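Fold and contact review
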Amino acid sequence: MALQPHARLQAPEGPVVCIVMDGVGIGDGGDGDAVRRAHTPTLDWLGANAASGQLAAHGLAVGMPSDADMGNSEVGHNALGAGRIFDQGAKLVDNAVRSGSLFEGEVWRNAVARVNSSGEPLHFLGLLSDGNVHSHIDHLFAMLERAASEGVAVCRVHALLDGRDVPARSALEYVEALEAKLTALSVSGRDYRVASGGGRMSITMDRYEADWAMVERGWAVHVRGDGRRFASLAQAVRTLYDESDKGDQDLEGFVIADEGEPVGPVRDGAAVILFNFRGDRAIEISKAFEAESFSGFDRGPRPDVFFAGMMQYDGDEHVPARFLVAPPKIDETMGEHLAASGKRQLAISETQKFGHVTYFWNGNRSGMFDPSLETYVEIPSDRVPFEQRPWMKAAEITDALIEQLRGGNFDFARVNYANGDMVGHTGHLDASRIAVEVVDLCLARLLPVVRSLGGVLVVTADHGNADKMFDVGKDGTQKARTSHSLNPVPLHVYDPGRPGIALSPEALAGANLGNVAATCLELMGLTPPSNYARSLLAPL
């Protein structure tokens, strides 16, 4: 597992520092390109003076089912840390649904057996869209159809509205499709209905334990049936649209009721399937259903249910205990190799992306490989709408990073600036421009520090977002975009101690995020593992 010294490249005097500018892709320079509109003298300087290129960060290049699929922070950091590409959750689940293996597994069979025995509903909880970042509506429809064919009499859907990986107010497209599907299946004595809903950034889908109150609000509507009541999912969405200009992701939680009573609280004897395949925003609600000892919020009486996730969201903590599709097995990550080689590592970000430079970078693995060699620093994120504070915690991250680099004797550091992604998701162009400028300013502070330490600076991104803030309709009108882009991302390698360092044009021709690990290892004077995607450095 320990890496060998490189045959030609010596280790630099200082650390190799890898910066991930989350959500900062290379756009077309149009009106909706907040990256190009931003004042970025540091990135401009790197583009002119550092070894530079671009990387594919979406679709097949990062393990997604097709090139129509956006990349995301989870798969991006998996690729950056693993040094090669693995089939990701969306592709694995898609294959399992198409082949039927999902329905042949013990977990699906036991879920169906539980409700067919108890008479309680089979509940489906998850993100209702075709964004294919956390979930896909087709997977839900396939499970509903299979449940009907296997004699499940009652199903309930708890629909989390997206507006983040799809257009900001696109919920009715998915709502109408779901309600039509449920109506079509509610024949021959079957009763298939929506039970609750709400926006993904309002209820249920918190991550990294940043705001357990979100999960508590979701628990209230999904499990207790306690919330504002509507006759249908469509009525709820239309009413909430009329009452404010909020996008789908921020709509308050609600309950579907019939004659004043909730149609689908979760009771003893039921089965609950969380059909999201991405882990970060699924872990907390899974713990709420499963954990015997739980301190996130007061659950009240916890119903005795058969709970399963689409995938296992945390393999180290075994959350959830039951799952329909096995997650990708990512081994021999860069972090593991560096720990085995005795190299000191630093990982730092704010709460919103802390798990990405730790858990996802390490191949969906919790904890450190060697605590004596690794330092993880989390800067608590603000709990306010990000368009109101587009600077987020970038300055504090930079403060802590510089302090650690000057005093920690690190060999490798990985850092995530969340601004381009989290602010980009709000759909606010001007705020996103400021977000990119903030990151550029932080890079300006960092450059002289890396230079003074004799280190190397590597700057890249995990996917695009702020680079495409508008969608243009057929009539030419611009509509705010809140989802990721399909654009490539930049790569800059600044090595002041070795001015001859260059990137190979041949290697760049097919490069993706998986090439970054081997590139960083060579910059550290180490020979990359033979199974890694090739380094992008040109031979010296």
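For the structure, see preceding data.
Here the structure is a predicted model, which is why all the values come from computation and not from measurement. (Residues numbered from 1 in each chain as written. Predicted model: local features only at pLDDT ≥ 70, side-chain atom pairs only at ≥ 80, totals over all residues. Heavy atoms only, no water.)

**Comments concerning the overall build of the chain**
The helix and strand inventory of the chain stands at 18 helices and 18 strands. Seen through its principal axes, the chain has C-alpha atoms that stretch 75 × 50 × 40 Å. Sorting the 540 residues of the chain into buried and exposed places 61% on the buried side. Of the contacts made within the chain by residues no fewer than 6 positions apart, 79% connect residues no fewer than 24 positions apart. With an accessible surface of roughly 19500 Å², the chain has 47% of that area assigned to carbon and sulfur atoms. Charge separation in the chain, taken as the distance between the mean sites of 49 positive and 72 negative side-chain charges, equals 1 Å. (Helix = DSSP H or I, 4+ residues; strand = E, 2+ residues; numbered from the N terminus. Buried < 20%, exposed > 50% of the residue type's maximum accessible area, 1.4 Å probe, protein only. Contact = heavy atoms within 4.5 Å. Areas by Shrake-Rupley, 256 points an atom, 1.4 Å probe, with all protein chains shown as cover. Lys, Arg positive; Asp, Glu negative; His and termini not counted. Charge placed at Lys NZ, Arg CZ, Asp CG, Glu CD.)

**Observations concerning the pattern of salt bridges**
Scanning all chains against the criterion turns up 29 salt bridges. Residue Asp-495 pairs with Arg-498 through a salt bridge whose shortest N-O separation is 2.6 Å. As far as the burial class goes, Asp-495 and Arg-498 line up, both buried. It is possible to trace a salt-bridge network through shared partners that takes in Glu-74, Arg-207, Arg-278 and Asp-280. (Salt bridge = Lys/Arg side-chain N within 4 Å of Asp/Glu carboxyl O.)

**So, the sheet that holds strand S13 (residues 374-379)**
Spatially, seven strands are ordered S2-S18-S15-S1-S14-S12-S13 in an open sheet, and the strand pairing comes out mixed. This sheet does not close on itself; its edge strands, each paired only once, are strand S2 (51-55) and S13. Ignoring which end each strand starts from, the neighbouring axes of this sheet average 15° apart. Taken strand by strand, helix H13 (residues 351-360) contacts strand S12 (345-350), S13 and strand S14 (412-417), and its axis lies near 155° from that of S12. In this fold helix H18 (residues 516-523) packs onto strand S1 (16-21), S2, S14, strand S15 (456-460) and strand S18 (489-494), with an angle of close to 155° to the strand it touches most, S1. (Pairing = 2+ DSSP bridges. Axes fitted to C-alpha atoms, helices over the stretch in contact; angles between N-to-C directions.)

**Here we look at the packing of helix H8 (residues 171-185) against helix H10 (residues 233-243)**
The N-to-C vectors of H8 and H10 enclose an angle of 165°; their axes lie 9 Å apart at closest approach. As far as their axial angle goes, H10 and H8 are roughly antiparallel. In this structure, H8 meets H10 at a crossing whose hand is left-handed. Facing Ala-171, Leu-172, Val-175, Glu-176, Leu-178 and Glu-179 of H8, the residues of H10 in contact are Leu-233, Ala-234, Val-237, Arg-238 and Tyr-241. (Parallel < 35°, antiparallel > 145°, perpendicular 65-115°, else oblique. Left-handed = near helix turned anticlockwise from the far one by under 90°.)

**So, the pairing of strand S9 (residues 271-274)**
Alternating positions in S9 separate into two faces, Ala-271 and Ile-273 on one and Val-272 and Leu-274 on the other, with burial throughout. Two strands pair when backbone bridges link them, and strand S3 (residues 122-128) and S9 are joined in this way by four bridges, in the parallel orientation. Among the inter-strand pairings, His-123 is bridged to a residue of S9, identified as Val-272. The pairing of S9 with strand S10 (residues 306-311) spans four bridges and is parallel. Across the sheet, the residue bridging to Ile-273 is Ala-308, located in S10. In this fold, the crossover linking S9 to S10 by way of helix H11 (residues 283-290) has right-handed handedness. (Right-handed = clockwise from strand over helix to strand, strands pointing away.)

**Digging into helix H7 (residues 137-149)**
Counted at 1.5 Å a residue, the expected span for H7 with its 13 residues is 18 Å, and the 19 Å between its end C-alpha atoms agrees. What H7 keeps buried is the set Ile-137, His-139, Leu-140, Phe-141, Ala-142, Met-143, Leu-144, Ala-147 and Ala-148. Just downstream of H7, Gly-151 is the residue with a positive phi angle, here 85°. (Expected span 1.5 Å × (residues − 1).)

**Concerning helix H14 (residues 394-408)**
In a regular helix each residue adds 1.5 Å, so 15 residues correspond to 21 Å; H14 covers 20 Å between its end C-alpha atoms and thus fits that length. Within H14, burial applies to Ala-394, Ile-397, Thr-398, Ala-400, Leu-401, Ile-402, Leu-405 and Gly-408. Just past H14, the residue Asn-409 takes up positive phi, approximately 55°.

**What about the nonpolar core?**
Membership of the largest hydrophobic core comes to 126 residues, with the highest contact counts inside it found for Trp-108, Leu-144 and Met-310. Take this core: its biggest share by element is eight residues, from H7. When sequence neighbours within four positions are dropped, the list of residues in contact with Trp-108 reads Leu-102, Phe-103, Leu-122, Phe-124, Met-143, Arg-146, Ala-147, Glu-150, Ile-273 and Leu-324. Counting residues in each nonpolar core, the second largest holds 39 residues, with Ala-38, Leu-446, Leu-447 and Met-469 among its members. (Core = buried A, V, L, I, M, F, W, Y, C linked by side-chain atoms within 4.5 Å.)

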